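Chain and residue survey
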Amino acid sequence: MTAAIRIQNLTKTYRTGFWGRKVRVLHGVDLVVERGAILGLLGPNGAGKSTTLKCVLRLVFPTEGEIEIFGVSNRSPEALERVGYMPEHPALYPKLLPLEILDFAGRLAGLPKDVREARAQALVREVGLGHALDRPVGKYSKGMKQRIGLAQALMSDPDLLILDEPFSGLDPIGRKEVRDILLAQREAGKTLVFTSHILSDVELLCDRVALLRGGRISACATIEELLRPEVRRFEVQLASASEDFAERFGGVVVTRKTGERGVHLEVEGEATLDAVVDGARAEGLRILAITPRRESLEDLFIRNALGA
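Because the structure is predicted, anything quoted here is derived from the model rather than measured. (Residues numbered from 1 in each chain as written. Predicted model: local features only at pLDDT ≥ 70, side-chain atom pairs only at ≥ 80, totals over all residues. Heavy atoms only, no water.)

1. Considering the overall build of the protein chain
Inclusion rule: Per the convention used, a helix needs a DSSP run of H or I reaching at least four residues, while a strand needs a run of E reaching at least two, with both numbered from the N terminus. For every residue, the accessible area obtained with a 1.4 Å probe (protein chains only) is divided by the maximum for its type, and the residue is called buried under 20%, exposed over 50%, and partly exposed between those limits. Any two residues whose heavy atoms approach within 4.5 Å at even a single point are treated as in contact.
Per the secondary structure count, the protein chain includes 11 helices and 14 strands. Overall, the protein chain is about 80 × 45 × 45 Å in size when its C-alpha atoms are taken along their principal axes. Considering the protein chain as a whole, with its 308 residues, one finds that 43% of them fall into the buried category. Taking the intrachain contacts of the protein chain between residues at least 6 apart in sequence as the baseline, contacts between residues at least 24 apart amount to 68%.

2. Topic: the sheet that holds strand β6 (residues 83-86)
Inclusion rule: Paired strands are those between which DSSP finds at least two bridges. Between the N-to-C directions of two axes lies an angle of 0 to 180 degrees, each axis being a line fitted to C-alpha atoms and, for a helix, fitted only over the stretch in contact.
What the six strands build is an open sheet, ordered β6-β7-β8-β3-β9-β10; its pairing is mixed. The open sheet has two free edges, formed respectively by β6 and β10 (216-221), since each of these has just one partner strand. Strand-to-strand, the axes of this sheet are offset by a mean angle of 15 degrees, without reference to chain direction. As paired strands, strand β3 (residues 38-42) and strand β9 (residues 208-213) are joined by four bridges and run parallel to one another. Bridging across to β9, G40 finds its partner in V209. Packing against the sheet, helix α5 (residues 142-154) makes contact with β6 and β7 (160-164), and its axis sits at approximately 170 degrees to β6.

3. Some thoughts on the packing of aromatic side chains
What counts here: Centres within 6.5 Å make a pair out of two Phe, Tyr or Trp rings, where for Trp the six-membered ring is used; the pair is then stacked when the planes are under 30 degrees apart, edge-to-face when over 60, and tilted otherwise.
One pass over the full model with this rule turns up three aromatic pairs. Note on F18 and W19: the rings are 5.0 Å apart at their centroids and 85 degrees apart in plane angle, and the pair reads as edge-to-face. Just as F18 is exposed, W19 falls in that class too. Arranged with centres 5.9 Å apart and planes meeting at 80 degrees, the rings of Y93 and F104 form a pair that is edge-to-face. Taken together, the positions of Y93 in the loop between β6 and α3 (98-108) and F104 in helix α3 put the pair 11 residues apart, joining distant regions of the chain. Taking relative accessible area as the criterion, Y93 reaches 51% and is therefore assigned exposed.

4. Observations concerning a positive patch on the surface
The condition that has to hold: A patch is a set of surface residues, each over 30% in relative accessible area and not in a salt bridge, joined within 9 Å for like charges and within 5 Å for the nonpolar side chains Val, Leu, Ile, Met, Phe, Trp and Tyr. Residue-level accessible areas treat just the shown protein chains as cover; the underlying method is Shrake-Rupley with a 1.4 Å probe. Salt bridge, as used here, is a side-chain nitrogen of Lys or Arg placed within 4 Å of a carboxyl oxygen of Asp or Glu. The sign given to each residue is positive for Lys and Arg and negative for Asp and Glu; His and the chain ends receive no count. Here the site of a charge means NZ on Lys, CZ on Arg, CG on Asp, or CD on Glu.
Together, R15, K22, R24 and R216 line one region of the surface with positive charge. Mapped onto the elements of the fold, K22 is located in strand β2 (residues 21-33).

5. Focus: the packing of α3 against α5
Two quantities define a packed helix pair, namely the angle between the axes and the distance from one axis to the other. Spelled out, the test is: Here roughly perpendicular refers to angles of 65 to 115 degrees, roughly parallel to angles under 35, roughly antiparallel to angles over 145, and oblique to all remaining angles. Note on convention: near helix rotated counterclockwise from far helix by under a right angle means a left-handed crossing. Clockwise means right-handed.
The geometry of α3 relative to α5 is characterised by a closest axis approach of 9 Å and an angle of 30 degrees between their N-to-C directions. When the axis of α3 is compared with that of α5, the two are roughly parallel. Between α3 and α5 the crossing geometry is right-handed. Between α3 and α5, the contacting residues are P98, I101, L102 and A105 on the first element and I148, A151 and Q152 on the second.

6. Quick word on helix α4 (residues 113-126)
We apply this condition: Working rule for helices: expected span equals 1.5 Å times residues minus one.
Taking 1.5 Å per residue as the helical rise, α4 with its 14 residues ought to reach 20 Å, and the 20 Å between its terminal C-alpha atoms agrees with that figure. Looking at the buried residues of α4, the elements they touch are α3 and α5. G128 lies just past α4 and shows a positive phi near 80 degrees.

7. Description of helix α11 (residues 297-306)
Residues L297, D299, L300, F301, R303 and N304 constitute the buried set of α11. Trailing α11 by a residue or two, G307 shows a phi angle of about 75 degrees, which is positive.

Rendered as structure tokens:
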């Protein structure tokens, strides 16, 4: 089956400043997004995430490289007709009502009037804006604008949905509602690609993640494949200990209501754990718990950003 997106040797160089100094943002990016999957594109600020998405959408023209959408070059209008896009900051006409915004998006997509009206009515309720139909979008909060931006991206019922920071500005309930919408899109056979710094949402949604660092893909796989399986850290809780003991192993002294001074330690590696246990036994300290901690997606994100 043809991939939803295939990117080969994508390079982008900008010219900046008065002298037109060349700045290369993307360095030969290769990426394949399979149909029906949700891919999270992760990386620190400036890694090239938004530029990559904009190159796919032809909002930015690549310096080098080829991009295909469902087997068709993205230079073809036919390929882009199958794409819905939500930018990080949706640009909305502030005086229009939400249904007018969606009707305009439907017109641009070539939808007939009856289809536009039915789909707009369904979408405003699906994204949780049924209570604000008579309010111009310029008076919407940040989270409400994100919701109407998502509805606008869904208006043409696209086969590929590209979202740049879709959870920005949403409260926990709003994030849960948007996650449910995105999962429903995948259940309907759609393909989704999104960027986000809210890693808990990435873990809940994504089949695969691609890590960008310095304009290059450093890894692309399932989260389980990318996380290091071995235990790297341990949390140690001691019933009581001196401040000297805590300082020696980088722990935190915790004073309980009873006046007893406990210690909480986070140690790296089994060798350090053995040293803590031996030290605690030598001083006659009671060990309450030793909890292994495996690498999280946040650990992976930081490791990727630092090039570790």
